[in-house]
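Residue-level listing of the chains:
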Amino acid sequence: MRRLAGAPLAIAGSLILVSLFLNLVPGDPVEMMLGEQAPSVDREALRRSVGLDRPWYGQLWLFIRELATGNLRSSLPPFQRKILPQIWAALPNTLLLTFAAMAVAILIAIPLGVAAASRKGTAVDHAAMGIAVAGVALPRFWLGPMLIILFAIKLDWLPVSGADSPRNLILPSVTLGTALAAFLSRITRASMLDTLREEYVTVSRAKGLSPSAVLWKHAFRNALLPIITVLGLEFGALLGGAIVTEKVFAWPGMGTLLLTGIEKRDYNLVRAVVLVFTLSYVAINGLTDLVYTAVDPRVRRQ
Amino acid sequence: MAGAVPRADGPVFFLRVRGGRIRRRADGGADDARGCRAEAEAQTARQESRRAQAGSEEGGGEEGARARREEEEREEIEEGGVSSKRAQVGAESNPEREESLIEEKERATRQALKLFSAGRRGIALLTFCAFFAGCHSEHNRTGIVVLIESPPDSLDNRFALTASGQRIAELISPGLVTFDAKSRPVPDLALDYQFLDPQTLEFTLRDHLTFHDGTPLTSDDVKATFDGLMDRALGSPKADKLEPVDRIEAPGPSRVVFHLKRPYAPILAELVLPIVPRSRAFAAAAPAQDRAPIGAGPFRFSAQPDEEHIVLTPFEGYYGGKPRIRRLLIRTVRDETTRVLELLKGRADLVIGAVSPPIFPALHAGVRGDLRTDEPRLRILWEPGSAYAYLGLNSRSGPLSDLRVRRAICHALDVQPILKAKFRGLAQPATGMLPPGHWAYSETPGCRRDLALATQLLAEAGYSTARGEREGLKEAPPGRAKRTLHLTLKTSTDRFRKSIALVFQEQLAEAGIEVELRSLEYGTFFNDVRKGNFELFSALWSSGSVIEPDILRWVFSSANIPGPENAFAGLNRTGYRNRRLDELLDRATRVGQDERKVLYAQALALIDSDLPYIPLWHESSPAIVSSRLQDFEPSPQGYLRPLARAREAAP
């Protein structure tokens, strides 16, 4: 419950910070829109028409009011398109991408981490951790095009970019998930090494349980908590990484929307996207707590 | 190569990228193969040295590391293209063709090997892909796919201010006139036009014009369109350009007369504004026209499923005949690398001006063509362009208010190596704002690289240079301390532009001018330039801006210096003042085309001797066209409109 109380604070904080930063960045929606094309247009009138003549807190208040009435509009004159439909269109795409990336990360990281821990010090361990280091080191804007070249151009198996079919999801989620997979596999390994040292593992071995039963049923389930914590925390990093990944794969998600907003200095759009990012971060943290209780009876009892 | 600047109405050049280099198969230019090869090799060498240079200069710090990573990234993408270091020029003659076939095989083997090792590394990924199964490609699509960099701001040309918006809007709703390759206004929906007197302009419309909704387009629609535009309530940012128009009359169904408040020749250029049905002409219908525009153009708006996709279909009622393209999909792909990869994949058919020349070698695989038919899958077509790259010099105060210093900078620069190595010939040296193909162009002397002269000019202005001391030139006047000239050059963060700025820095250093580079995020950069907060800046007037020569008045007349009175929107950002020029440019708006040409020639000569701008080059908007799109003739302005006459190849 205390955690839930922190949520409004986080949201208010992020909105205020974003508004302040937008205020500091030179150029405004009207200037960016007109560019060099219309030197004789009355810029002040255009600014007034979208509320840009107000100070930043006035603009923020306007944003909150419009949001509350469900009539949030862009800061770009003259049409001031509605923002919420754009977000509803983009949000599912981004969530799909982040969860797919998480799935990729889990599918790669857990077998890798467990294998490394159970064969500590062997070639398997070194190889797995080598892959992990490489995964962290690869930047997404590089990995993305490389995967496209290999799987979409040379092998001709997958589409390059866009979001027209389920197959479009594969490359971006691999790109986005790789870094997390690498990080996660190290955590899995460390956590597994800890639990494998515990006495109950020795006991269950002594009972004559099969090695795999010991590994997965007893050790791994106990090693899960830190893994879940990291997954929850890393969700934010995934959202951030999604911006780059979405650009490379022309994926119509929140990252693309945010880039458009920043390019055009569409203040309201940027605020709205950041708000959604904050909300999803808070939501995921709440979800992590729920998963804790499901996984660990000790947390349930408290 | 760049010396022979082809006229705008000359043949369309046909480019092929081979082994990472461009060979120009010019219909007129008789490059002999050996010379071309030698030049190509020299070019590579120069480019490599420049690359190394760029690496070392950007070295150090986070910034440098990123730049290097990005460099590596590009290197990798070019992998297929530049694997062969030998210049491989053309495949016209037989021996060369055999050679190329052998090379082809070699390369295939190399690639297979590379693939194999990459495959082993990525076994986990392969398994993952196999898991999803059904990994196959669909190539049997219909329609033409055009990739653009950013989504259009509006599909209504009364509001569209971005290049992408304007170009798509021109397909849907053209205006009375358009521009030809020499940037002259030519009739579009109009059949003809004439000035009855300097203040009266009469248009005759084409017969049987129809809007997409089936209603006929008559002079009433034209009148309504312009009445609507001039009505404040519509709020079009382009309405101010129509200020000289007094009223519009429609004396007959196909006759429209514009009455001007005063003689104003540039008005023709504003009549590219789209003609819309009278029901869509006023403010109440503006949102409808913005979402689902109706016009009389070659393509009809069909759908915009999301921000990234626009679907257009050919319009059978277009005056030029129904376009031979079954469906036009315009798709936004923000990442340049991804645009190139989509082209290579064969999922895109046209990209205009949205791939920068340094990336062209990466297109090699597509341009190399199908081995069986020898027809390239991708072609690069271009016309000498009109976009104008320049260095802006702040002539309000500081060292650059001294003409000698401006001249010195001009003589210290040499654009030729940049044109060859960076643009691969896709830009032509500029002597002034108007390109050589422009109807109002006149040649001005410009300045050639002359380091001795530059040093001498600097010495006269009171700056010391190492070179000047060596040659014993006279030093700073008595009473003033010796000093070297130190300037700041502002650019945008664009990687390509930054790499060019590095060359400028190097060249100016050779003349003893220290230049500090500052690359700024676009909004910040633009803001600094508007507010006069710069010494030197490098920028580009887009091809859409350099059409009507009246742009010279906007950019160089002292009436347009940014200031509080014009909300810092004036375009004369260098703060240049010359009363004679002001008069010339004002007079040129009031007279007929022949006299304008004379006045603009005088104006260009004045600007050339005062150097508020240092002219650099005119950039083309190369069109990368797939073999699925035939008969596409690019325009110097980079329009999409030639799609109306292009043809979709049968599958």
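Computed from a prediction, not measured in an experiment: that's the story for all the values here.

Cut-offs used in this document
- Residues numbered from 1 in each chain as written.
- Chains lettered and ligands numbered in written order.
- Predicted model: local features only at pLDDT ≥ 70, side-chain atom pairs only at ≥ 80, totals over all residues.
- Heavy atoms only, no water.
- Helix = DSSP H or I, 4+ residues; strand = E, 2+ residues; numbered from the N terminus.
- Buried < 20%, exposed > 50% of the residue type's maximum accessible area, 1.4 Å probe, protein only.
- Contact = heavy atoms within 4.5 Å.
- Areas by Shrake-Rupley, 256 points an atom, 1.4 Å probe, with all protein chains shown as cover.
- 1 Å grid on protein atoms, 1.4 Å probe; cavity = no way out; pocket = protein on both sides within 12 Å on 5 of 7 lines; lining within 4 Å.
- Points joined across faces, edges and corners; volume = space filled by probe spheres on them.
- Nonpolar A, V, L, I, M, F, W, Y, C, P; charged D, E, K, R; others polar.
- Disulfide = S-S within 2.5 Å.
- Pairing = 2+ DSSP bridges.
- Axes fitted to C-alpha atoms, helices over the stretch in contact; angles between N-to-C directions.
- Phe/Tyr/Trp six-rings, centres within 6.5 Å; stacked < 30°, edge-to-face > 60°.
- Lys NZ or Arg CZ within 6 Å of the ring centre and 35° of its normal.
- Expected span 1.5 Å × (residues − 1).
- Patch = residues over 30% accessible without salt bridge, like charges linked within 9 Å, V, L, I, M, F, W, Y side chains within 5 Å.
- Salt bridge = Lys/Arg side-chain N within 4 Å of Asp/Glu carboxyl O.
- Left-handed = near helix turned anticlockwise from the far one by under 90°.
- Core = buried A, V, L, I, M, F, W, Y, C linked by side-chain atoms within 4.5 Å.
- pLDDT = per-residue confidence, 0-100.

## Some remarks on the overall build of chain B
Broken down by element type, chain B carries 20 helices and 23 strands. Expressed as a percentage of its 651 residues, the buried residues of chain B come to 58%. Long-range contacts, defined here as pairs at least 24 residues apart, represent 69% of the contacts in chain B between residues at least 6 apart. For chain B, the exposed surface amounts to about 26,300 Å²; the carbon and sulfur share of it is 51%.

## Some thoughts on empty space enclosed by the protein
All names here are of chain B. Under the counting rule described, the total for this entry stands at nine cavities of 30 Å³ or more. Quantified by volume, the second largest cavity comes out at close to 90 Å³. Along its surface, the second largest cavity is lined by Tyr 388, Thr 431, Gly 432, Met 433, Leu 552, Phe 556, Leu 604, Ile 607, Asp 608, Leu 611, Tyr 613 and Pro 615. Broken down by secondary-structure element, the contributors of at least two residues to the lining of the second largest cavity are helix H18 (551–556), helix H20 (593–610) and strand S20 (613–619). Per-element accounting of the lining of the second largest cavity gives the leading share, three residues, to H20. Residue classes in the lining of the second largest cavity are distributed as nine nonpolar, two polar and one charged.

## Regarding unusual backbone geometry
Residues and elements named next belong to chain A. In the Ramachandran plot, Gln 80 falls in the positive-phi region, its phi being about 45 degrees despite a non-glycine side chain. Of note, Gln 80 is situated in the loop between helix H4 (56–68) and helix H5 (84–118). You can call Gln 80 buried: its relative accessible area is 19%. Here the phi dihedral of Asp 156 falls at roughly 60 degrees; this positive angle occurs in a residue that is not glycine. Along the chain, Asp 156 turns up in the loop between helix H7 (140–154) and helix H8 (170–196). Given a relative accessible area of 28%, Asp 156 falls into the partly exposed group.

## What to know about the state of the cysteines
In a disulfide, the sulfur atoms of two cysteines are held together by a covalent bond. Residues and elements named next belong to chain B. Using the criterion set out here, one finds one disulfide over all chains in the structure. Shown here is the disulfide that connects Cys 410 with Cys 447, its sulfur atoms set 1.7 Å apart. Across the S-S bond linking Cys 410 and Cys 447, the dihedral sits near 50 degrees, which makes this disulfide right-handed. With a gap of 37 residues between them, Cys 410 in helix H12 (residues 403–412) and Cys 447 in the loop between strand S16 (427–429) and helix H14 (451–460) connect regions that are remote in the sequence. The exposure class assigned to Cys 410 is buried, which follows from its relative accessible area of 5%.

## Observations concerning the sheet that holds strand S15 (residues 387–393) of chain B
Residues and elements named next belong to chain B. If you trace the six strands from one edge of the open sheet to the other, you get S16-S20-S15-S19-S17-S18, paired in mixed fashion. Edge positions in the open sheet fall to S16 and strand S18 (513–520), since each of these has one partner strand only. Strand-to-strand twist of the sheet, defined as the mean angle between neighbouring strand axes without regard to direction, takes the value 25 degrees. Where strand S17 (residues 485–492) lies against strand S19 (residues 536–541), two bridges are found, and the strand directions are parallel. For Leu 489, the partnering residue across the bridge sits in S19 and is Leu 536. Relative to S18, helix H16 (residues 495–510) is tilted by about 170 degrees, and along the sheet it contacts S15, S17, S18, S19 and S20.

## Observations concerning the packing of aromatic side chains
How two aromatic rings sit relative to each other is given by the distance of their centres and the angle of their planes. Residues and elements named next belong to chain B. Taken as a whole and judged by the stated rule, the model has 22 aromatic pairs over all chains. A ring pair is formed by Phe 556 and Tyr 576, whose centres lie 6.4 Å apart and whose planes are at 85 degrees; its orientation type is edge-to-face. Of this pair, Phe 556 sits in helix H18 while Tyr 576 is found in the loop between H18 and helix H19 (579–587), placing the two residues 20 residues apart along the sequence. Classification of Phe 556 as buried rests on a relative accessible area of 2%. The exposure class of Tyr 576 is buried, given its relative accessible area of 4%. Joined through ring pairs, the aromatic side chains of Tyr 388, Tyr 390, Phe 525, Phe 534, Phe 537, Trp 541, Phe 556, Tyr 576 and Tyr 613 make up one cluster. Its guanidinium or amino end placed over the ring of Phe 526, Arg 530 lies 6.0 Å from that ring's centre, counting from NZ or CZ. In this arrangement the basic side chain of Lys 531 is found over the ring face of Phe 568, its NZ or CZ atom lying 5.3 Å from the centre.

## Regarding helix H7 (residues 219–230) of chain B
Here H7(B) spans 17 Å end to end across 12 residues, near enough to the 16 Å set by a 1.5 Å rise per residue. Buried within H7(B) we find Ser219(B), Asp221(B), Val222(B), Ala224(B), Thr225(B), Phe226(B), Gly228(B) and Leu229(B).

## Focus: the environment of Tyr57(A)
Residues and elements named next belong to chain A. Summarising the element assignment, Tyr 57 is placed in helix H4. Taking relative accessible area as the criterion, Tyr 57 reaches 54% and is therefore assigned exposed. Linking Tyr 57 and Ile 16, residues 41 residues apart in sequence, is a C-alpha distance of 8.1 Å.

## A closer look at a nonpolar patch on the surface
Nonpolar side chains collect at one region of the surface, where Ile16(A), Leu17(A), Leu20(A), Phe21(A) and Leu24(A) lie side by side and expose about 480 Å² of accessible area between them. What makes Ile16(A) partly exposed here is its relative accessible area of 36%.

## What about the side chain of Thr94(A)?
Within the fold, Thr94(A) resides in helix H5. A residue is classified by how much of its surface remains accessible, and Thr94(A), at 1% relative accessible area, is buried.

## Observations regarding the packing of H4(A) against helix H12 (residues 267–295) of chain A
All names here are of chain A. Direction vectors running N to C along H4 and H12 enclose 65 degrees, while the axes themselves pass 11 Å from each other. Our pair here, H4 against H12, has a crossing hand that is right-handed. Contacts from Gln 59, Leu 60, Phe 63, Glu 66 and Leu 67 of H4 reach H12 at Tyr 267, Asn 268, Arg 271, Ala 272 and Leu 275. When the residues that make up the contact of H4 with H12 are grouped by side-chain class, the tally is six nonpolar, two polar and two charged.

## Brief notes about the pattern of salt bridges
All names here are of chain A. Across all of its chains, the model carries 32 salt bridges over all chains by this definition. Between Asp 125 and Arg 189 there is a salt bridge, and its shortest N-O distance comes to 2.8 Å. Here Arg 189 lies in helix H8 and Asp 125 lies in helix H6 (residues 123–137), a separation of 64 residues in the sequence. Assessed through its relative accessible area of 2%, Asp 125 is described here as buried.

## Describing the side chain of Arg189(A)
Overall, Arg189(A) belongs to the buried group, its relative accessible area being 18%. Among all residues touching Arg189(A), those that are not within four sequence positions of it are Gly113(A), Ala116(A), Ala117(A), Lys120(A), Asp125(A) and Met129(A).

## Some details on the environment of Leu176(A)
All names here are of chain A. By the element assignment, Leu 176 lies in helix H8. Judged by relative accessible area, which is 0%, Leu 176 ranks as buried. Taking C-alpha positions, Leu 176 is 5.6 Å from Ala 101, a pair spaced 75 residues apart along the chain. Setting aside anything within four residues of it in sequence, one finds Leu 176 in contact with Leu 97, Thr 98, Ala 101, Arg 140, Leu 238, Gly 241, Ala 242 and Thr 245.

## With respect to the nonpolar core
With 66 residues, the main nonpolar core has Met192(A) and Met254(A) as its most contacted residues. Apart from residues lying up to four places away in sequence, Met254(A) is in contact with Ile87(A), Ala90(A), Leu91(A), Thr94(A), Glu246(A), Val273(A), Val276(A) and Phe277(A).

## A short note on the sheet that holds strand S8 (residues 245–252) of chain B
All names here are of chain B. The antiparallel open sheet is built from four strands, whose spatial order is S6-S7-S9-S8. Because the sheet does not close on itself, it has two edges, and the strands there are strand S6 (190–197) and S8. Taken pair by pair, the neighbouring strands of this sheet meet at an average axis angle of 20 degrees, ignoring direction. Across five bridges, the pairing between S8 and strand S9 (residues 255–260) is antiparallel. Bridged to Glu 249 within S9 is Val 257. Along the sheet face, H7 touches strand S7 (200–205), S8 and S9 and points at about 165 degrees away from the line of S8.

## A look at the packing of H5(A) against H6(A)
Residue and element names in this part refer to chain A. One can describe the packing of H5 onto H6 by two numbers: an axis separation of 8 Å at closest approach and a directional angle of 145 degrees. Seen from above, H5 lies across H6 with left-handed handedness. Together, Leu 112, Ala 115 and Ala 116 of H5 and Val 124, Asp 125, Ala 128, Met 129 and Ile 131 of H6 make up the contact between the two elements. Across the contact of H5 with H6, the residue classes tally to seven nonpolar, no polar and one charged.

## Structural notes on the confidence of the model for chain B
Residues and elements named next belong to chain B. Residues with a pLDDT of 70 or more make up 74% of chain B, whose mean pLDDT is 78. Counting interchain partners and residues more than four positions distant, the pLDDT-below-50 stretch residues 1–102 has 154 contacts. In the predicted structure, residues 369–373 sits below a pLDDT of 50 and forms six contacts with residues beyond four places in sequence or in another chain. Two numbers describe this predicted complex: its pTM, 0.78, and its ipTM, 0.85.

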